[in-house]
Every structure is written in C-alpha cells, then in structure tokens.
Amino acid sequence: MEIKVNGKDISAWIEKVTWSGDCGQIARKLSFTYAFTREDSNIPLITVDNGARVAAYDGVLFFLGVVTGTSRQEAGVTVSVNAVDLAWYTGKVKTYGVYQGTPAEIVSQVCGEYGIPVGELLEEGTATEIISTGDKTIYQVMEDAYGETEHYLYMSGDVLNIRAAGMEVAAHLSGNTDITDATYTSSIESMVNKVVILDGSSSYAGEVTREGQVSAYGLMQETYKQEQGKDAAVEASKLLKGVEESGNISAQGNILCIAGKAVYITDVNTNITGCFRITSDTHNFEGTLHTMSLTLEFKEVV
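Residues numbered from 1 in each chain as written. Predicted model: local features only at pLDDT ≥ 70, side-chain atom pairs only at ≥ 80, totals over all residues. Heavy atoms only, no water.

Novice: Outline the side chain of Lys-194, listing residues and values.
Specialist: By secondary structure assignment, the location of Lys-194 is in strand 15 (residues 194-198). Sequence-distant contacts of Lys-194, defined by excluding residues within four places in its chain, comprise Glu-207, Val-208, Thr-209, Leu-219, Met-220, Gln-221, Glu-222 and Leu-240. (Helix = DSSP H or I, 4+ residues; strand = E, 2+ residues; numbered from the N terminus. Contact = heavy atoms within 4.5 Å.)

Laid out in structure tokens, this is it:
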C-alpha cells in the first residue's frame, strides 16, 4: 500500500487506510490517518491541505482524488484525512444546455464541455434529450440519460467510465480460503403487497395485489393516483415490494471488488452461494493486511 499526496510519498507515516464505495454515492472515498507530532523529531511534520491530490496504489493505482477534510485533536498524535475520487466534481458542477443522443453520447457531450476525460461508456439505452436550465449537475444529466438502465460509474485515475451493473465478475471467493464471515438477512418491514389505484377524484379505479404475500404476511397497502399518459397498472406495480433479502461477507481484500461489479461466492451457506452484484464495499488496509466487507444485492446475476 502506497499513498502519495501531491506527489509526495507519505506511506511510511500512515497507520490505517479505508477505501469504500456505494452504488448510491457519486464518488468513492478514501480516508487515512498519519502520524503527526512536534514532540518527536523522528516524525516529519507532514501537512495535508484541503484540495490536495491523493493517489493510492496497491501494485497499481486504484484511487486518485482530492482531500475534502482533515481533523486533528490537540492532544493526539495523528491527523485524519478524508478524500473522494474525481467523480465528486460531477456532483458539484451545475450545468445548462440541451444534450441529445444516446446515453453514451450525452455523457460524452456533458463531460467534454467541462474537460472530463471519458473511457468506456455503456452503449445501452435509447436516444433522448436532457435539458438543464442550471438546475442539474453533470451527474444528474448523466443519470437522467441512462434512466432505468442499470449501470455504475467508476473512475480510472482521472478518466470517467460507465458500465453495466453486475455484468463484470470481479472475483471468485470461497468460504474455504477467502471468506472469514458471511451473513444473510431477510425482512418484511418495507413490504408492499397491495396497491390501490385511484382516479382523479380519489375514487377506486383498480388494484394490483400479491395475494400470496397478503395471506402469508398480512395486508400492507399503498395507493397510486392515475397520471395522464401512463399505464396505471404498470406504475402501480412498481410500488410493490417483496421480502427484502441481503447478504454481507467479510473476506481477504481484493481491490477489484467494488460496488457495481459482481462477485461469485462458493462454499458458504446456501443462501449466499452464487453470483451477486456488490452494492457497497469497504476495504481496510493496515500494515500488510488488507480486508474487505461487501454488501450484496440479493438476486443472482447469473
């Protein structure tokens, strides 16, 4: 593990590094602590300022970002640093204009406008038009372009990429050699098993129901008001929610295992054996030890 700040290697003074990502977040995060004291002449007085560029390597560059915050207790001997990768800026820049074409073309247009290099872009999705009157960030324009097409954004250095979610298998993890713990969770707290459709005067106009779930778990009802130009049954069905299942594994670290990719799991309990999309990940580096915790979307990818 090697950390450089504005090109200067400070790895020797770093105690712990945490690198994480989530499908619901724009940018991946990196946090670390380093030794800082004026009482020991053997420890250099390292200064890490907000806005500094941070690069992290584990054989290869896996993070390039900017420092967004630091903290130090007066009585302490360490400084804590928080950084985010360069995708962060796409959520900080409001844009204005009309963007037309396929999702990949729109991403190229809006990123090109602000000098953001693009690499691999998912070619799925239909041509559309996105209008921003100064109300949308770069990230929101890109998200609106892809709509419901499942995708994830990641950075390769300073290059922005968008790929199909869950299609790339990052690793094969075995309970015999890699996985140290695995948890399966099942919940009906967010279940919706019946949606009543209401017309413009709030009168009954139909319903969609999962009868088996109603009989098994009891009635959990939502309502949907008809909207002009939309299929009421289709829209109401989107509100139905079944049993929420999730999985979490702890394992030896692998920098390829990040949110948006998939992981193939064997030799653990049968509920989480198969290929699943990673929805969030946390990697911890301490000395030569690299461990990770992965949260899994609980439907098999393949």
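Let us keep going from here.
Novice: Account for the sheet that holds strand 15, naming residues and giving values.
Specialist: Pairing within the open sheet is mixed, and its 3 strands lie in the order 16-15-17. With partners counted over all chains shown, the strands left at the sheet margins are strand 16 (204-209) and strand 17 (221-225), one partner each. With strand direction ignored, the average angle separating the axes of adjacent strands in the sheet is 25 degrees. (Pairing = 2+ DSSP bridges. Axes fitted to C-alpha atoms, helices over the stretch in contact; angles between N-to-C directions.)

Novice: So what about the pattern of salt bridges? Which residues, and what values?
Specialist: Taken as a whole and assessed by the stated rule, the structure comprises 11 salt bridges. For Arg-163, the salt bridge goes to Glu-168, with nearest N and O atoms at 2.5 Å. The exposure class assigned to Arg-163 is partly exposed, which follows from its relative accessible area of 23%. Residues Glu-227 and Lys-230 are paired through a salt bridge, measuring 3.7 Å at the closest nitrogen-oxygen approach. A residue is classified by how much of its surface remains accessible, and Lys-230, at 43% relative accessible area, is partly exposed. Several salt bridges converge on common partners, so that one network encompasses Glu-120, Arg-163, Glu-168 and Lys-261. (Salt bridge = Lys/Arg side-chain N within 4 Å of Asp/Glu carboxyl O. Buried < 20%, exposed > 50% of the residue type's maximum accessible area, 1.4 Å probe, protein only.)

Novice: Summarise the nonpolar core; cite the residues concerned and give the values.
Specialist: Counting 25 residues, the largest nonpolar core has Val-107, Met-142, Leu-153, Leu-160 and Ile-162 as its most contacted members. No other element matches helix 2 (residues 138-146), which puts 6 residues into this core. Excluding residues that lie within four positions of it along the chain, Leu-160 makes contacts with Thr-90, Val-107, Cys-111, Ile-116, Pro-117, Val-118, Gly-119, Leu-121, Met-142, Leu-153, Tyr-154 and Met-155. Within the second largest apolar cluster, 24 residues are counted, among which are Val-48, Phe-62, Val-67 and Phe-285. (Core = buried A, V, L, I, M, F, W, Y, C linked by side-chain atoms within 4.5 Å.)

Novice: With reference to specific residues and values, describe a nonpolar patch on the surface.
Specialist: Judged by side-chain polarity, Ile-188, Tyr-217 and Val-243 come together as a nonpolar surface patch covering roughly 220 Å² of accessible area. Mapped onto the elements, Tyr-217 comes out in helix 3 (residues 211-217). A residue is classified by how much of its surface remains accessible, and Tyr-217, at 39% relative accessible area, is partly exposed. (Patch = residues over 30% accessible without salt bridge, like charges linked within 9 Å, V, L, I, M, F, W, Y side chains within 5 Å. Areas by Shrake-Rupley, 256 points an atom, 1.4 Å probe, with all protein chains shown as cover.)

Novice: Lay out the environment of Thr-102 in plain terms, naming residues and giving numbers.
Specialist: Along the chain, the position of Thr-102 falls in the loop between strand 8 (94-101) and helix 1 (103-113). For the pair Thr-102 and Tyr-139, spaced 37 residues apart in sequence, the C-alpha to C-alpha distance is 16 Å. Once residues within four sequence positions are removed from consideration, Thr-102 is found in contact with Thr-126 and Ala-127.

Novice: Please give an account of the pairing of strand 1 (residues 2-5) that cites residues and values.
Specialist: Of the two faces of strand 1, the one holding Ile-3 and Val-5 is buried and the one holding Glu-2 and Lys-4 is not buried anywhere. Direction of pairing for strand 1 relative to strand 5 (residues 53-57): antiparallel, over a ladder of 4 bridges. Bridging across to strand 5, Lys-4 finds its partner in Ala-55. The pairing of strand 1 with strand 2 (residues 8-9) spans 2 bridges and is antiparallel. The partner of Lys-4 across the bridge, within strand 2, is Asp-9. Where strand 1 hands over to strand 2, the hairpin turn is made up of 2 residues, of which Asn-6 adopts a positive phi near 50 degrees.

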